[in-house]
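# Chain and residue survey
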Amino acid sequence: MENHSLIMGIPIPKITMGETVDLIDEVIAENKTELFHVVTLNPEISMSCQQNLELRSIINDAEHLTADGAGIVMVSRLKGNPLPERVTGCDLLINLLEMGNRKKWSFYLLGASEMTSKKALEVINMKYPNVSIVGRHHGFFEPKDESRIVNEIASLSPDVLVVALGAPKAEFWIHTFKNSLNARIAIGVGGSLDTIAGTVKRAPVIWQKLNLEWLYRLIKQPSRWKRQLILPRFALKALLFKDRNGL
Ligand code: UDP
């Protein structure tokens, strides 16, 4: 059985959330100097990769990809090479905080508004008391602040660098500074800090189980409708995509 499923030519490992967390646990335990870049691949990134070759090469260089979204899993099933389940950025972050709480990992939070970042820090400190948030910075900085932020992260050497700058900004950012961040893992997590902070509500579990989280988000944040137009286009394109040799 193949260990990857190809989505628009991009090979996504067929592993569950539990296996993903175990993989990250192993990487952190190895304590290597090279950064392990995890990309949670959603339909928008998959589509952008078809035209944006720079993004495509970043995805290609990433150490691990996860299936971020019901659409990705659905396409893999319809193409007969199913991914076991969704591994979204938000769920993965929560799972890493839980594992981190058991293993005393350190995290750095980069991204979201100052208010969200502060609130997320408070919530994490309360819910996961053994996790140490060694630093944080909001995500609305100027290019001139970048080297200061990178140096700060490097000096703190976190196990997990959480980058909540939105996709694909986070992926570009991590890739640009990959060799200077001195973190074990870096992961782009979209709006997850907003969810942890409670500024954006996640869909109730039943909606998530029915693969209708996208519909819930659309109802709650109607301004996202333009972004969500991409979902049917993605499904069609990905189903018709002739997967040849992958990346
Ligand atoms: N964000 C940020 N800096 C920016 C743009 C966005 O920190 O320059 C944050 C924003 O506040 C939010 C997250 O990035 O917390 C993006 O969330 P979204 O749900 O749009 O993520 P996506 O699904 O696009 O990855």
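Just so we're clear, the structure is a prediction, and the values are computed from it rather than from any experiment.

## Considerations on the pattern of salt bridges
Here the structure, examined in full by the defined rule, presents 10 salt bridges. Between Lys103 and Asp25 there is a salt bridge, with its nearest N and O atoms 3.0 Å apart. Taken together, the positions of Lys103 in helix 5 (residues 89-103) and Asp25 in helix 1 (residues 17-30) put the pair 78 residues apart, joining distant regions of the chain. Its relative accessible area of 15% is what places Asp25 among the buried residues. A salt bridge links Asp91 to Arg202, with the shortest nitrogen-to-oxygen separation between them at 2.7 Å.

## Some points on the site of the ligand
Taken together, 16 residues form the shell around the ligand, and within it Ala112, Gly139, Ala167, Lys169 and Asp194 come nearest. Contact between the ligand and Gly139: a nitrogen atom at 2.7 Å from a main-chain N or O atom of the residue. In this structure, an oxygen atom belonging to the ligand sits 2.6 Å away from a side-chain N or O atom of Lys169. Coverage of the ligand by the protein amounts to 76% of the 550 Å² it exposes when considered alone. Most atoms of the ligand, that is more than half of them, are within 2 Å of grid points of the largest pocket.

## Brief notes about the nonpolar core
Inside soluble globular proteins, nonpolar side chains tend to come together where they are buried. In terms of nonpolar packing, the biggest core is built from 32 residues, with Leu92, Leu93, Leu97, Phe107, Ile124, Val162 and Leu193 touching the most fellow members. Taken together, the elements giving at least two residues each to this core come down to helix 1, strand 3 (36-41), helix 5, strand 5 (106-111), helix 6 (114-127), strand 7 (160-164), strand 8 (185-188) and helix 9 (192-197). For Val162, the contacting residues outside a window of four places in its chain are Leu93, Phe107, Tyr108, Leu109, Leu110, Ile187, Val189 and Leu193. By size, the runner-up hydrophobic cluster in this structure holds 21 residues, among which are Leu55, Val73, Val75 and Ile230.

Rules and cut-offs
- Residues numbered from 1 in each chain as written.
- Predicted model: local features only at pLDDT ≥ 70, side-chain atom pairs only at ≥ 80, totals over all residues.
- Heavy atoms only, no water.
- Salt bridge = Lys/Arg side-chain N within 4 Å of Asp/Glu carboxyl O.
- Helix = DSSP H or I, 4+ residues; strand = E, 2+ residues; numbered from the N terminus.
- Buried < 20%, exposed > 50% of the residue type's maximum accessible area, 1.4 Å probe, protein only.
- Near = heavy atom within 4 Å.
- Polar contact = N/O pair within 3.5 Å; in protein donor to acceptor, adjacent residues only side chain to side chain.
- Areas by Shrake-Rupley, 256 points an atom, 1.4 Å probe, with all protein chains shown as cover.
- 1 Å grid on protein atoms, 1.4 Å probe; cavity = no way out; pocket = protein on both sides within 12 Å on 5 of 7 lines; lining within 4 Å.
- Sits in = over half its atoms within 2 Å of the grid points.
- Core = buried A, V, L, I, M, F, W, Y, C linked by side-chain atoms within 4.5 Å.
- Contact = heavy atoms within 4.5 Å.

By themselves, these observations are geometric and do not establish any function.
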